Structure formats: C-alpha cells, structure tokens
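Letter by letter, the chains look like this.
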Amino acid sequence: MAEYDILYSTISDADRAQIERFNCGNGELNRYLKRNAYFETVQRTAATQLVKVTLDNGNVWNVIGFFTVKFQFMYLDSSGITYPVIYLKCLAMQKGEQHKGIGTQVLKHVLLQSKAVSDFAGCRAMILDSIPEYAGFYINAGFHPSSWKISGNKKYYSDTIRMIYDFRDNELYNEFLE
C-alpha cells in the first residue's frame with residue numbers, strides 16, 4: 001500500500017467551498033460534513049479533521065476526506081459501570097479516493113492519536129458505528145462487533161454496526177500499525 005502525503009487540518013470556514021463539493025457516496029455523511037461538523041468543532045462537542053492531499057507540488061491542498069471524534073461514556077454491561085471512550089463518529093473519503101489505501105492510512109493516524117489520548121487521560125477504547133458495507137474494513141483494522149451502548153443509548157446513523165477497538169489489547173494494536 002502506498003503512503004500518501006496527507007495534511008490533517010481542523011475544519012474551518014475557509015474550507016467551505018471544498019466541503020460543499022465533497023461527496024463520499026453516503027448522503028448522511030455528506031450532510032453531516034456540510035451542515036454539522038464545523039459547528040460541533042467550534043462548540044467543542046466534537047472535533048472534525050479534514051484529510052487533504054497536495055496538488056501542484058504542495059501549492060494547493062485538496063479535501064479528500066474527513067473524520068470526526070468525540071468523547072463518550074459506554075456501558076459495558078447491565079451493571080451500570082461506564083467507561084470513557086473515544087467515539088469515531090465519522091470517517092469518510094471522497095468517492096474517487098476510496099479503495100486506494102488512504103482510508104487505512106487515516107484510520108492508523110486516528111488510532112495513534114487516540115491511543116496517545118487514552119494513555120494520557122484513561123480512555124478504554126475507540127467505538128464506532130460502521131455502515132454495514134464497511135464493517136470488513138474496520139474488522140481488518142482490529143475492531144470487533146460490540147454490544148456496548150453509548151450513555152443515552154443513542155446511535156448517530158441508521159443501519160449501522162457498533163464496533164469496538166480495545167486499547168488494552170496492545171498486541172492487536174501494534175499488529176495493525178506495523
């Protein structure tokens with residue numbers, strides 16, 4: 001898999017024109033990026049990073065994807081015990097950039113950053129709700145289907161599979177990042 005020169009930048013109003021042209025092929029994710037991601041980032045209720053690649057030898061950076069993360073509390077079982085987790089709310093790539101390995105590179109970046117936060121602040125895992133056709137992508141990265149529930153039992157997207165990546169499983173974590 002080729003490594004791409006990627007720039008990660010916090011979503012900003014200056015990116016509005018490129019965001020309006022973004023299309024990952026999923027209407028819910030497109031709408032989230034165009035309508036909610038910037039406001040949630042400004043309000044500090046979530047953090048959206050744009051994924052950009054260079055055109056014209058670094059003079060122009062083009063938005064080809066994005067991801068959004070936030071903190072949540074998860075119920076492991078019916079005991080009522082909650083664990084702090086990092087919730088990967090969205091990860092999407094522009095339609096023409098899918099299946100090129102960029103999403104895997106982005107997910108590795110997200111996991112590295114999240115693991116550092118986990119080590120520093122004590123988060124147990126990363127959780128996400130996968131669109132069924134992409135569940136295999138996350139399983140290959142070490143995620144597992146999970147019955148953990150977000151406090152309030154809210155799912156952000158319809159027809160998804162809840163998945164978990166447990167940061168306590170260091171062998172799995174290191175294997176994926178190699």
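What you see is a predicted model, and the numbers here were worked out from it, not measured in a lab.

*Asks:* Lay out the layout of surface pockets in plain terms, naming residues and giving numbers.
*Replies:* Of the pockets and cavities examined, the largest pocket occupies roughly 540 Å³. Taken together, 30 residues form the lining of the largest pocket, with Leu 91, Ala 92, Tyr 134, Phe 137 and Tyr 138 sitting closest to its centre. Of all elements in the fold, only helix H2 (27-43), strand S4 (82-93), helix H3 (102-121), strand S5 (125-130) and helix H4 (135-140) reach the threshold of two or more residues within the lining of the largest pocket. For the lining of the largest pocket, the leading source of residues is S4, giving six residues. Split into classes, the residues belonging to the lining of the largest pocket amount to 14 nonpolar, 10 polar and six charged.

*Asks:* Can you explain the pairing of S4? Please cite residues and give values.
*Replies:* The two faces of a sheet get side chains in turn, since along a regular strand they alternate between them. For S4, the tally of buried residues reaches nine of 12 residues, placing the bulk of the element in the interior. Two elements, S4 and S5, share four bridges in a ladder whose sense is parallel. Pairing of Val 85 across the sheet is with Ala 125, part of S5. With H3 bridging S4 and the parallel S5, this β-α-β connection has right-handed handedness.

*Asks:* Run through H2, naming residues and quoting values.
*Replies:* Here H2 contains 17 residues, and its C-alpha end-to-end distance of 24 Å stays within 8% of the 24 Å for a straight helix at 1.5 Å per residue. In the structure, H2 departs most strongly from a straight axis at Asn 36, where the bend amounts to approximately 50 degrees. Three or more residues of H2 are buried, namely Leu 29, Asn 30, Tyr 32, Leu 33, Ala 37, Glu 40 and Thr 41. Where H2 begins, one side-chain oxygen reaches toward the backbone nitrogen of Glu 28, 3.0 Å away; that side chain belongs to Asn 26.

*Asks:* Which residues make up H3, and what values go with them?
*Replies:* If you check H3, its first and last C-alpha atoms are 28 Å apart, about what 20 residues at 1.5 Å a residue would give, namely 28 Å. Those residues of H3 that fall on the buried side of the exposure criterion are Ile 102, Gly 103, Gln 105, Val 106, Leu 107, Lys 108, Val 110, Leu 111, Ser 114, Lys 115 and Ser 118. Following H3 by one or two positions, Gly 122 adopts a phi angle in the positive range, close to 85 degrees.

*Asks:* How would you explain the pairing of S5 if you had to name every residue and give the values?
*Replies:* The buried fraction of S5 amounts to six of the six residues, a majority that puts the element mostly inside the structure. Taking every second residue as pointing to the same face, both faces of S5 are buried, with Ala 125, Ile 127 and Asp 129 on one and Met 126, Leu 128 and Ser 130 on the other. Relative to strand S8 (residues 161-166), S5 runs antiparallel, the two being bridged by six bridges. Paired with Ala 125 across the strands is Asp 166, a residue of S8.

*Asks:* Explain the packing of aromatic side chains to me, and be specific about the residues and the numbers.
*Replies:* Across all of its chains, the model carries eight aromatic pairs by this definition. Relative to Phe 39, the ring of Tyr 38 lies with its centre 5.5 Å away and its plane at 75 degrees, an arrangement referred to as edge-to-face. By relative accessible area, Tyr 38 is classed as partly exposed at 22%. The exposure class of Phe 39 is partly exposed, given its relative accessible area of 46%.

*Asks:* Please give an account of the side chain of Asp 129 that cites residues and values.
*Replies:* Relative to the helices and strands, Asp 129 resides in strand S5. A polar atom in the side chain of Asp 129 sits 2.5 Å from the side chain of Arg 162.

*Asks:* Account for unusual backbone geometry, naming residues and giving values.
*Replies:* Positive phi is not limited to glycine here, since Arg 44 has a value of about 65 degrees. Inspection of the secondary structure assignment puts Arg 44 in the loop between H2 and strand S2 (47-55). A residue is classified by how much of its surface remains accessible, and Arg 44, at 69% relative accessible area, is exposed. At His 99, a position not held by glycine, the phi torsion is positive, near 65 degrees. Here His 99 lies in the loop between S4 and H3.

Rules behind the numbers
Residues numbered from 1 in each chain as written. Predicted model: local features only at pLDDT ≥ 70, side-chain atom pairs only at ≥ 80, totals over all residues. Heavy atoms only, no water. 1 Å grid on protein atoms, 1.4 Å probe; cavity = no way out; pocket = protein on both sides within 12 Å on 5 of 7 lines; lining within 4 Å. Points joined across faces, edges and corners; volume = space filled by probe spheres on them. Helix = DSSP H or I, 4+ residues; strand = E, 2+ residues; numbered from the N terminus. Nonpolar A, V, L, I, M, F, W, Y, C, P; charged D, E, K, R; others polar. Buried < 20%, exposed > 50% of the residue type's maximum accessible area, 1.4 Å probe, protein only. Pairing = 2+ DSSP bridges. Right-handed = clockwise from strand over helix to strand, strands pointing away. Expected span 1.5 Å × (residues − 1). Bend = angle between axes of the 7 residues up to and from the residue. Polar contact = N/O pair within 3.5 Å; in protein donor to acceptor, adjacent residues only side chain to side chain. Phe/Tyr/Trp six-rings, centres within 6.5 Å; stacked < 30°, edge-to-face > 60°.

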